[in-house]
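# Observations on chain architecture
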Amino acid sequence: MNIQIQRKGFLLLLISVFSLWSQADSIRFDLESGHTKCISEDIKTNSMTVGKYQIVNPNDGHPLPDSHKITVRVTSAYGNSHHYSDHVTEGHFAFQAVEAGDYMACFFAADHKPSTTISVDFDWKSGVVAKDWTSVAKKGSVELMEIELKKMLDTVQSIHDEMYYLREREEEMQLLNKATNNKMFWFSFLSILVCLSVAGMQLWHLKSFFEKKKLI
């Protein structure tokens, strides 16, 4: 039993570390004119999140074409808007999440004839990786080793919070599974009861019909 608990905790730790590292990766995607592309990020309450986006210039050394403009909106899981920029080539956002859940960053390119494809670089960081450690070092006048220790402490705290968050999600899923199984049990029971009732009514009807016809 203890071995299973240790394995489960180790697995949750690996998932947490992977999620922390995956949040630091930047991506590049293509967006066709007249279309919208949305990217989601699961963010916990009170977590800091920062994002930066920029249109890739298809012709280095030349200004961006007029068709290369995008509209960007960032919303919470409940639809609250945290960032909006219209007809821009680049931008950034930063806020502290007050609601837990999947936050959406949607990019829209206006319709253009002929159709064009816009490449966008997008970097979205959340949690400990979203902190500006350079400014922390400047403000605190700390040594490099102290900065690394602060990073490690924040990473450990983030992993600890992530494990509790995953445990809460697991408990919610277990409760949901129990409720679903309970509903399915009663639904099956009522279905069988209805089938038996219909079968009994059919037998009674047939018996009455045969008795009227004096076949039995």
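What counts and how
Residues numbered from 1 in each chain as written. Predicted model: local features only at pLDDT ≥ 70, side-chain atom pairs only at ≥ 80, totals over all residues. Heavy atoms only, no water. UniProt positions renumbered as here; feature names shortened; annotations may be inferred. Salt bridge = Lys/Arg side-chain N within 4 Å of Asp/Glu carboxyl O. Helix = DSSP H or I, 4+ residues; strand = E, 2+ residues; numbered from the N terminus. Buried < 20%, exposed > 50% of the residue type's maximum accessible area, 1.4 Å probe, protein only. Contact = heavy atoms within 4.5 Å. Pairing = 2+ DSSP bridges. Phe/Tyr/Trp six-rings, centres within 6.5 Å; stacked < 30°, edge-to-face > 60°. Lys NZ or Arg CZ within 6 Å of the ring centre and 35° of its normal. Polar contact = N/O pair within 3.5 Å; in protein donor to acceptor, adjacent residues only side chain to side chain.

The protein chain appears in an unreviewed UniProt entry as Transmembrane emp24 domain-containing protein p24delta9-like from Salvia divinorum. UniProt, in the comment section headed Sequence similarities (unreviewed entry), describes the protein chain in these words: "Belongs to the EMP24/GP25L family."

Moving on, we get to the pattern of salt bridges. A side chain of one charge can pair with a side chain of the opposite charge when the charged atoms of the two come close. This structure, assessed with the given rule, holds three salt bridges. Measuring nitrogen to oxygen at the nearest pair gives 2.6 Å for the salt bridge that ties Arg28 to Asp121. Within this pair, whereas Arg28 is found in strand E1 (residues 26-32), its partner Asp121 is found in strand E8 (residues 117-126), the two being separated by 93 residues in sequence. Between Lys125 and Asp123 there is a salt bridge; the shortest N-O distance is 4.0 Å. Note on Asp123: relative accessible area 24%, which makes it partly exposed.

This part covers the environment of Thr117. Mapped onto the elements, Thr117 comes out in strand E8. Considered as a pair, Thr117 and His35 are 82 residues apart in the sequence and their alpha carbons are 9.9 Å apart.

This part takes up the environment of Ala100. Mapped onto the secondary structure, Ala100 falls in the loop between strand E6 (90-96) and strand E7 (101-109). What Ala100 contacts, discounting residues up to four positions off in sequence, is Ile43, Lys44, Thr45, Ala77 and Tyr78.

Once that is clear, we can look at the pairing of strand E3 (residues 48-55). Residues Thr49, Gly51, Tyr53 and Ile55 line the buried face of E3, whereas the alternating positions Met48, Val50, Lys52 and Gln54 sit on a face that is not buried. Both E3 and E8 contribute to a ladder of seven bridges, which runs antiparallel. Bridge assignment links Val50 to a residue of E8, and that residue is Lys125.

Right, let's get into the packing of aromatic side chains. Summed over all chains, the structure comprises ten aromatic pairs. Ring centres 5.6 Å apart and planes at 45 degrees place the aromatic pair Phe122 and Trp124 in the tilted group. Taken individually, Phe122 and Trp124 each receive the classification buried, so the pair is uniform in this respect. Through pairs of rings, three or more aromatic residues link up here, namely Phe29, Tyr53, Phe93, Phe95, Tyr103, Phe107, Phe122 and Trp124. Its end group placed over the ring of Tyr164, Arg167 keeps NZ or CZ at 5.2 Å from the ring centre.

Tracing the backbone through its elements, the reader meets His83 in strand E5 (residues 81-88). When its relative accessible area of 12% is taken as the criterion, His83 is described as buried. In terms of polar contacts, His83 uses its side chain to reach the side chain of Tyr53, at 2.9 Å. When sequence neighbours within four positions are dropped, the list of residues in contact with His83 reads Tyr53, Val72, Arg73, Val74, His92 and Phe93.

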